[in-house]
Amino acid sequence: MSSKNKGFTSLCIPLLTLLILFTGCEDPGSVGGEFIDKQELTFDTLSISGIQTQSFSGYTGRLNFVTMGKYSDPIFGDIDATAILKPDISASLPEGDQLHEDYSMKLELVIDSINTYGDTFSEANYTIYEVASQWNGATYRFDSELDYNNTTPVGTFNLNDEGVDTVVVDLSDEWKDVFAGFYHNEGSGADSSYRHDFHGLALVADDGTNKISFPNINSSRFLAINNVDPDTTNFSIRDWAYTLDRTGETTQEDVSVLHTTLEKMLLINLDEFLNQFVDENFIRAEILLQEATEELELLVHENRLGVNSLRIDIGYEEDPAYEFQLGGAETIGFKDSDNSFRINLTNYLNNSVYGSEDRTEFYIGVGSNTDELRSTGILRSTLIYNETASEALRPKIIITSLTGDEE
């Protein structure tokens, strides 16, 4: 037998087997037969109106990264972010050592060199100052008040345009001595005094800085170095957060802004849509939001961090910012190749029409708790076309239903 005929015979055997199986299973009177013969899929597109902009004060403390720097974003305004850090005091120096004149202290920052927001060709200069006000990372929000002593620098450092990922900063002896006083305090209220009276350091971007960077808290640390008998003690970062000031945001009327800091979110109320689905035999429903990709373009050497998913929560109770950023998401809308975000509503509508679901308000934003951004603290923003955009770009609800005779 030739190789050609042999190959043909090999192909025919499985095809014949499949034909026998399908013939044996075919039943013109079965439910499947009726479904195929008498029902078909239909797709309805409904425009969404009454979209509102919501603003909350997002949490910026104790996330995986802190945000620091300055950048004049042509859309999202002039941004000024200051990181604040506080070293732990649980690390142990070699037995008998004190943080005296033989020791120096440094701050080692591990920077996310891939995610830089702003002018990647520029240098960024920072001055470190002692914080003068109480703060707590667990409750810190981007617009919390921050006071620091800007007359006595504790240290300075520079981030160049070469993608540096680690910088080690010399800290002043004066600050080291202040820290040593708390570190060596063995009184009964030592920890309480440290929490309330020692306020840590503020990393302030100097004027002229035009990019924003993100130190990784899990990798960054304070160092105590014995300069006489070479030895290094690592102090992890006990508390951290960042404050952010934004001015001069400019956008077109047909787009809505979303920020990870929750300064801007969307609220869509589906109450008026629910009555339309009472007798609807729908099998899938989703919200479609279109990102304004062209409007987000920057110069070649500038970078704005992209958003690949949106977080959706339905209704809120006591603290919307905490629920949205740190609670469990109701659902996630992921970006498609056409730069649209699709949010699956199927389970929600089933529970609303046939169950006990009575919430109708959908809060949509860029939360710090989405799959690829879980609790990161990295600053991201995007634009979504709203109901005033051209019809093809407006937010929509797409319903996939079954129509026809089910008997």
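What you see is a predicted model, and the numbers here were worked out from it, not measured in a lab.

Asks: Which residues make up the pattern of salt bridges, and what values go with them?
Replies: Tallying each qualifying case throughout the model produces 19 salt bridges. Lys176 is the salt-bridge partner of Asp177, the closest N and O atoms lying 4.0 Å from each other. Accessibility expressed as a relative area gives 2% for Lys176, which makes it buried. Between Arg342 and Asp336 there is a salt bridge; the shortest N-O distance is 2.8 Å. What you see here is one network of salt bridges that share partners, running through Arg284, Glu286, Asp336 and Arg342.

Asks: Before we move on, can you summarise the sheet that holds strand β13 (residues 221-226) with the specific residues and values?
Replies: Taken in spatial order, the four strands make up an open sheet running β10-β5-β13-β14, and their pairing is antiparallel. Of all the strands in the sheet, just β10 (166-171) and β14 (231-235) have a single pairing partner and so form its edges. Each strand of the sheet is rotated relative to its neighbour by a mean of 25 degrees, with strand direction disregarded. Pairing geometry for β13 and β14, over five bridges, is antiparallel. Residue pairing across strands places Leu223 opposite Asn234, the latter belonging to β14.

Asks: Account for the pairing of strand β3 (residues 68-73), with residues named and values stated.
Replies: Of all the six residues making up β3, five are buried; the element is thus mostly covered by neighbouring parts of the structure. Note: β3 against strand β12 (residues 211-213), three bridges, orientation antiparallel. Looking at the pairing, Met68 lines up with Ser213 of β12. Two strands pair when backbone bridges link them, and β3 and strand β4 (residues 77-87) are joined in this way by five bridges, in the antiparallel orientation. From the neighbouring strand, Ser72 faces β4, where its bridge partner is Asp78. If you look at the hairpin formed by β3 and β4, you'll find three residues sitting between the two strands.

Asks: Before we move on, can you summarise the packing of aromatic side chains with the specific residues and values?
Replies: Evaluated as defined, the whole model comprises 20 aromatic pairs. Relative to Tyr322, the ring of Tyr59 has its centre 6.0 Å away and its plane inclined at 85 degrees; by these criteria the two rings are edge-to-face. Here Tyr322 lies in helix α6 (residues 320-326) and Tyr59 lies in the loop between β2 (52-54) and β3, a separation of 263 residues in the sequence. Judged by centre distance (6.0 Å) and plane angle (25 degrees), the ring pair of Phe179 and Tyr183 falls under stacked. Of this pair, Phe179 and Tyr183 both sit in helix α3 (residues 173-183), four residues apart, roughly one helical turn. By the ring-pair criterion, three or more aromatic residues cluster together here, those being Trp175, Phe179, Phe182, Tyr183, Tyr194, Phe198, Phe222 and Phe235. Positioned above the aromatic ring of Phe324 is the side chain of Arg311, whose terminal nitrogen or guanidinium carbon lies 5.1 Å from the ring centre.

Asks: Could you give an account of unusual backbone geometry, naming the residues involved and the relevant values?
Replies: Outside of glycine, negative phi angles account for most residues, and trans bonds account for most peptide bonds. In this model, Leu262 sits at a positive phi of 70 degrees, which is unusual for a non-glycine residue. Here Leu262 lies in the loop between β16 (255-259) and β17 (265-269). Overall, the relative accessible area of 0% leaves Leu262 in the buried class. A positive phi is found at Asn339, a non-glycine position, where the angle reads about 65 degrees. Judged by its relative accessible area of 25%, Asn339 falls in the partly exposed class.

Asks: Describe the side chain of Glu302, naming the residues involved and giving the relevant values.
Replies: Structurally, Glu302 is set in strand β19 (residues 302-303). Of the buried charged residues, Glu302 lacks a salt bridge, with Arg304 as the closest side chain of opposite charge at 7.0 Å. If sequence neighbours within four positions are ignored, Glu302 has contacts with Tyr71, Gly118, Asp119 and Asn210.

Asks: How would you sum up the layout of surface pockets? Please name residues and give values.
Replies: Of the voids in this model, the largest pocket is the one considered here, and its volume is about 180 Å³. Around the largest pocket sit Ile314, Glu330, Thr331, Asn344, Leu345, Thr346, Asn347, Tyr348, Asn351, Glu357, Arg359 and Phe362, which together line it. The dominant element in the lining of the largest pocket, judged by the number of residues it contributes, is helix α7 (residues 346-354), at four residues. There is about 150 Å³ of room inside the second largest pocket. Taken together, Asp80, Thr82, Phe142, Asp143, Ser144, Leu146, Tyr148, Thr243, Leu244 and Asp245 make up the lining of the second largest pocket. Of all elements in the fold, only β4 and β15 (237-247) reach the threshold of two or more residues within the lining of the second largest pocket. Looking at the lining of the second largest pocket, the element that brings in the most residues is β15, giving three residues. Residue composition of the lining of the second largest pocket, grouped by class: four nonpolar, three polar and three charged.

The rules behind these values
Residues numbered from 1 in each chain as written. Predicted model: local features only at pLDDT ≥ 70, side-chain atom pairs only at ≥ 80, totals over all residues. Heavy atoms only, no water. Salt bridge = Lys/Arg side-chain N within 4 Å of Asp/Glu carboxyl O. Buried < 20%, exposed > 50% of the residue type's maximum accessible area, 1.4 Å probe, protein only. Pairing = 2+ DSSP bridges. Helix = DSSP H or I, 4+ residues; strand = E, 2+ residues; numbered from the N terminus. Axes fitted to C-alpha atoms, helices over the stretch in contact; angles between N-to-C directions. Phe/Tyr/Trp six-rings, centres within 6.5 Å; stacked < 30°, edge-to-face > 60°. Lys NZ or Arg CZ within 6 Å of the ring centre and 35° of its normal. Lys, Arg positive; Asp, Glu negative; His and termini not counted. Contact = heavy atoms within 4.5 Å. 1 Å grid on protein atoms, 1.4 Å probe; cavity = no way out; pocket = protein on both sides within 12 Å on 5 of 7 lines; lining within 4 Å. Points joined across faces, edges and corners; volume = space filled by probe spheres on them. Nonpolar A, V, L, I, M, F, W, Y, C, P; charged D, E, K, R; others polar.

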